[in-house]
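The primary structure of each chain is shown beneath.
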Amino acid sequence: MSLAGAQTKLAAAVDEAGRISIPMNGSPSTHILKPDVPQLCGSIYNEAFCLTLARRINLSAPYVTTGRAGKRVYLLVERYDRRYQGGRWRRLHQEDYCQALGKPPSAKYESNQTGISGPTLKEMFALTRRHMPPTEILRLLDRVIFNVLVCNTDAHAKNYAVMIAGNGISLAPTYDVMCGEVWGSVTKNLVHKIGGSNRGEQLQARHWQRFARECGLNPKQVLDRVSALARSVISEVVEVEFEVAAMPGGGHPILPHTRQAVLDRAQTVLKQLQAREDAAGEPSNIKGTAAAQPCV
């Protein structure tokens, strides 16, 4: 019953009364249940925060909630590859970007030890441009920017996917997103380089512009979108913390640390963009805050 990925997870079905069960005899699951991970303090609250934030800034993301079962806490994620139709649940076909680009799962990272180069952002945008409408290119751009803003350092190619239907192909919603900044044991390097840099806090306008040119995007429009999403994140992080703490699983000490880490990153990204405008003589009004502390 376990699913692929580094995190422990379970395919589950949730009925109209909210009861969680194990699907049997080929019945489709409707949700993914993730129990807490002792090695990553507060991981389910971290992921709930990031996916709730994505939804609040109008990025496509599944609905999530937390819960308790005895002494354990868990995250319950609504499956986006399911649809209730005609009185029954139907499975929808999806492929992650490793599958879509013909890469093995072991090569999901751009830099890896398999001897096979992993998918790059340039390749992912080229695939999207080749098979999907222009709107999906913009959605993929939003995903890339969002992962930088929330310090998601595990945004590998298997955490991006496409939905395949009879009437076309589209980008799957955001999923498997966590802020790595709050744990000292998690790398701070991005999976994909942005304009040659793999450190989110060091990205400047020139990095985003180079990334845009490499991926066939308009550099000015990319800078504008980075700025817009960063400001949206800043405006929502406090409310997101409250929303997650109000879920059935309750609050957790990692929530304020996650909120602060994401806020700091968004403000840093804005400051780096503003530095370019300052060089042209325009005043800056973006202020930073203290770095978030790790979960203890």
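It should be noted that the structure appears before, not after, this text.
On a predicted model such as this, the values are computed, not experimentally measured, just so you know. (Residues numbered from 1 in each chain as written. Predicted model: local features only at pLDDT ≥ 70, side-chain atom pairs only at ≥ 80, totals over all residues. Heavy atoms only, no water.)

Enquirer: Report on the overall build of the chain, specifying residues and quantitative values.
Expert: Of regular secondary structure, the chain possesses 7 helices and 12 strands. Here the C-alpha atoms of the chain give a radius of gyration of 19 Å, agreeing with the 19 Å that 2.2 N^0.38 yields for 296 residues. With respect to the principal axes defined by its C-alpha atoms, the chain has extents near 65 × 45 × 40 Å. Sequence separation of at least 24 residues holds for 64% of the intrachain contacts in the chain that already meet a minimum separation of 6. Accessible surface for the chain amounts to roughly 14400 Å². Of this, 51% is attributable to carbon and sulfur atoms. When the 36 positive and 26 negative side-chain charges of the chain are each reduced to one mean point, those points stand 4 Å apart. (Helix = DSSP H or I, 4+ residues; strand = E, 2+ residues; numbered from the N terminus. Rg over C-alpha atoms; globule rule 2.2 N^0.38 Å. Contact = heavy atoms within 4.5 Å. Areas by Shrake-Rupley, 256 points an atom, 1.4 Å probe, with all protein chains shown as cover. Lys, Arg positive; Asp, Glu negative; His and termini not counted. Charge placed at Lys NZ, Arg CZ, Asp CG, Glu CD.)

Enquirer: An account of empty space enclosed by the protein is requested, with residue identities and associated values reported.
Expert: A complete count under the given rule lists 1 cavity of 30 Å³ or more for this structure. Every residue lining the largest cavity is listed: Leu121, Val144, Asn147, Val148, Asn152, Ala155, Tyr160, Leu190, Val191, His192 and Ile194. Looking at the lining of the largest cavity, the elements that each hand over two or more residues are helix H4 (134–149) and strand E11 (189–194). Element by element, the count of residues in the lining of the largest cavity is highest for E11, at 4 residues. (1 Å grid on protein atoms, 1.4 Å probe; cavity = no way out; pocket = protein on both sides within 12 Å on 5 of 7 lines; lining within 4 Å. Points joined across faces, edges and corners; volume = space filled by probe spheres on them.)

Enquirer: Summarise the packing of H4 against helix H6 (residues 219–245); cite the residues concerned and give the values.
Expert: In the contact formed by H4 and H6, the axes pass within 10 Å of each other and the chain directions differ by 50°. As judged from the angle between their axes, H4 and H6 are oblique. For the element pair H4 and H6, the recorded crossing hand is right-handed. Taken together, the residues of H6 that come into contact with H4 (itself represented by Leu141, Asp142, Ile145 and Leu149) are Val222, Arg225, Val226, Leu229, Ala230 and Val233. Per-class residue counts for the contact of H4 with H6 are 8 nonpolar, no polar and 2 charged. (Axes fitted to C-alpha atoms, helices over the stretch in contact; angles between N-to-C directions. Parallel < 35°, antiparallel > 145°, perpendicular 65-115°, else oblique. Left-handed = near helix turned anticlockwise from the far one by under 90°. Nonpolar A, V, L, I, M, F, W, Y, C, P; charged D, E, K, R; others polar.)

Enquirer: Got a sec to walk through the sheet that holds strand E9 (residues 161–165)? Specific residues and values, please.
Expert: On the basis of which strands lie adjacent, the open sheet formed by 3 strands has the order E8-E9-E10 and antiparallel pairing. With one partner strand each, in any of the chains shown, strand E8 (93–96) and strand E10 (168–171) form the two edges of the open sheet. The average undirected angle you get between the axes of adjacent strands in this sheet is 30°. With 4 bridges joining them, E9 and E10 adopt antiparallel strand pairing. Each residue of the ladder has a partner; that of Met163, found in E10, is Ser170. (Pairing = 2+ DSSP bridges.)

Enquirer: Provide a residue-level description of the nonpolar core, including the pertinent values.
Expert: One finds Leu53, Tyr97, Phe125, Ile194, Trp208, Phe211 and Leu217 to be the most contacted residues of the largest nonpolar core, which totals 70 residues. Ignoring sequence-local partners within four residues, the contact set of Phe211 consists of Leu121, Phe125, Leu141, Val144, Ile194, Gly195, Leu217 and Val222. Counting 5 residues, the second-largest nonpolar core is a separate cluster that includes Tyr80, Ala161, Met163 and Tyr175. (Core = buried A, V, L, I, M, F, W, Y, C linked by side-chain atoms within 4.5 Å. Buried < 20%, exposed > 50% of the residue type's maximum accessible area, 1.4 Å probe, protein only.)

Enquirer: Outline the pairing of strand E4 (residues 64–69), supporting the account with residue identities and numerical values.
Expert: The pairing of E4 with strand E5 (residues 72–78) spans 6 bridges and is antiparallel. Each residue of the ladder has a partner; that of Arg68, found in E5, is Val73. Connecting E4 to the next strand, E5, in antiparallel fashion are 2 residues, including Gly70 with a positive phi near 65°.

Enquirer: Account for the sheet that holds strand E2 (residues 20–21), naming residues and giving values.
Expert: By definition, the strands of a sheet pair up through backbone hydrogen bonds, in either a parallel or an antiparallel sense. Read across the open sheet, the 5 strands follow the order E2-E1-E3-E5-E4; overall the sheet is antiparallel. Single-partner strands in this sheet number two, and they are E2 and E4. Contacting strand E3 (31–35), E4 and E5, helix H1 (residues 43–56) crosses the sheet at an angle of about 155° to E4.

Enquirer: Go over the environment of Pro219 with me, naming the residues and quoting the values.
Expert: Along the chain, Pro219 turns up in helix H6. Judged by its relative accessible area of 23%, Pro219 is partly exposed. For the pair Pro219 and Ala157, spaced 62 residues apart in sequence, the C-alpha to C-alpha distance is 23 Å. If we skip the residues at most four places from it in the chain, Pro219 touches Gln209, Ala212 and Arg213.

Bear in mind that shape data such as this cannot, by itself, settle questions of function.
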